[in-house]
Amino acid sequence: MASERSRLKEIRLTTPVSADAIAALELGDVVFLDGIIYTGREGVYRRILDEGIEPPVDVKLLSNVNFHCSPAAAVDPDGGYTVGAVTATASFRFSQKLPKWFEVSGCKVIIGKGGMSEADYRDVFVPNGAVYLTTVGYGTGALLGRGIKRVLGAHWIEELGIAQALWVFEVENIGPFLVESDRAGNSLFEQNNRAVNSRIEALYQGLRQPSLSRFGETGDRKDEVI
């Protein structure tokens, strides 16, 4: 497992990311990206998948990397945009949209925050040859922004707003991102959660039971607290 390694492995990938490169990724690998990526989250998914609106660009030809994020953008004097930072958003909120999105977009790499369930990885990502990369902690928006070399497109800003629009970025060494899911459908977060939880009971051995008096209180971690 990645948690057993003494040193994190850094990998630099170029988009579109090849199937061989994706298959070689291991949980906990640190990834940096070069090439073209695009942003697409609930607003983009709603317009394309639910409302049947044609995308402003052919994302299949554009890139196979979709970043769930909100850019912090400034308008340049020539009408273009400069993005100084990007803040990842929680991807689990869009999990129901991803089966159709993978089919429509040909996406192979989703970047976001917090990851998804192992069931999502197993049932949705694996059949589509896709993996999930997660941002590292909070406060890294400006760091990620340094990897954006050029804004190639900013679509549906009037309809969706800056945060929800479909942005196309040329990036260089953008990262770091952690490999949260692999091609087998494993989850870095879930593996570590299980390892931590398996030892929690031992921490309480020998301790006196707390004095409980309010309705619904319990000393059993498996019980729901009302």
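Everything here concerns the structure above.
Note that the coordinates shown come from a computational prediction; the quantities given were computed from them, not determined experimentally.

Participant: Honestly, the overall build of the protein chain in this entry has me stumped. Any pointers?
Facilitator: The secondary structure content of the protein chain amounts to 9 helices and 9 strands. For the protein chain, the proportion of its 226 residues judged to be buried stands at 44%. Counted over contacts in the protein chain with a minimum sequence separation of 6, partners at least 24 positions apart contribute 64%. Just so you have it, the protein chain exposes about 12300 Å², and 50% of that area is on carbon and sulfur atoms.

Participant: Looking at this structure, I do not really get the pattern of salt bridges. What am I missing?
Facilitator: Pairs can form between side chains of opposite charge whenever their charged atoms are close. Inspection of every chain in the model, using the stated rule, returns 9 salt bridges. Asp-34 serves as the salt-bridge partner of Arg-12, at 2.7 Å between the closest nitrogen and oxygen. Within this pair, whereas Arg-12 is found in strand β1 (residues 10–14), its partner Asp-34 is found in strand β2 (residues 30–39), the two being separated by 22 residues in sequence. Residue Arg-41 is joined to Glu-42 by a salt bridge in which the shortest nitrogen-to-oxygen separation is 3.0 Å. Using a relative accessible area of 8% as the deciding quantity, one classes Arg-41 as buried. One salt-bridge network, in which partners are shared between bridges, spans Lys-9, Glu-26 and Asp-29.

Participant: Please clarify how the nonpolar core should be interpreted in this entry.
Facilitator: One recurring pattern in soluble globular proteins: nonpolar side chains tend to sit buried together. Counting 29 residues, the largest nonpolar core has Leu-33, Phe-67 and Phe-169 as the members making the most contacts within it. Breaking this core down by element, the ones donating at least two residues are β1, β2, β3 (65–67), β5 (81–88), β6 (109–112), β7 (131–135), β8 (148–155) and β9 (166–179). Per element, the largest residue contribution to this core is 6 residues, and it comes from β9. The contact partners of Phe-67, leaving out residues within four places of it in the chain, are Ile-37, Tyr-38, Thr-39, Gly-40, Val-86, Ala-88, Ile-111, Gly-112, Thr-135, Leu-144 and Phe-177. Trp-101, Phe-125, Leu-166 and Val-168 belong to the second-largest nonpolar core, a separate cluster that totals 23 residues.

Cut-offs used in this document
- Residues numbered from 1 in each chain as written.
- Predicted model: local features only at pLDDT ≥ 70, side-chain atom pairs only at ≥ 80, totals over all residues.
- Heavy atoms only, no water.
- Helix = DSSP H or I, 4+ residues; strand = E, 2+ residues; numbered from the N terminus.
- Buried < 20%, exposed > 50% of the residue type's maximum accessible area, 1.4 Å probe, protein only.
- Contact = heavy atoms within 4.5 Å.
- Areas by Shrake-Rupley, 256 points an atom, 1.4 Å probe, with all protein chains shown as cover.
- Salt bridge = Lys/Arg side-chain N within 4 Å of Asp/Glu carboxyl O.
- Core = buried A, V, L, I, M, F, W, Y, C linked by side-chain atoms within 4.5 Å.

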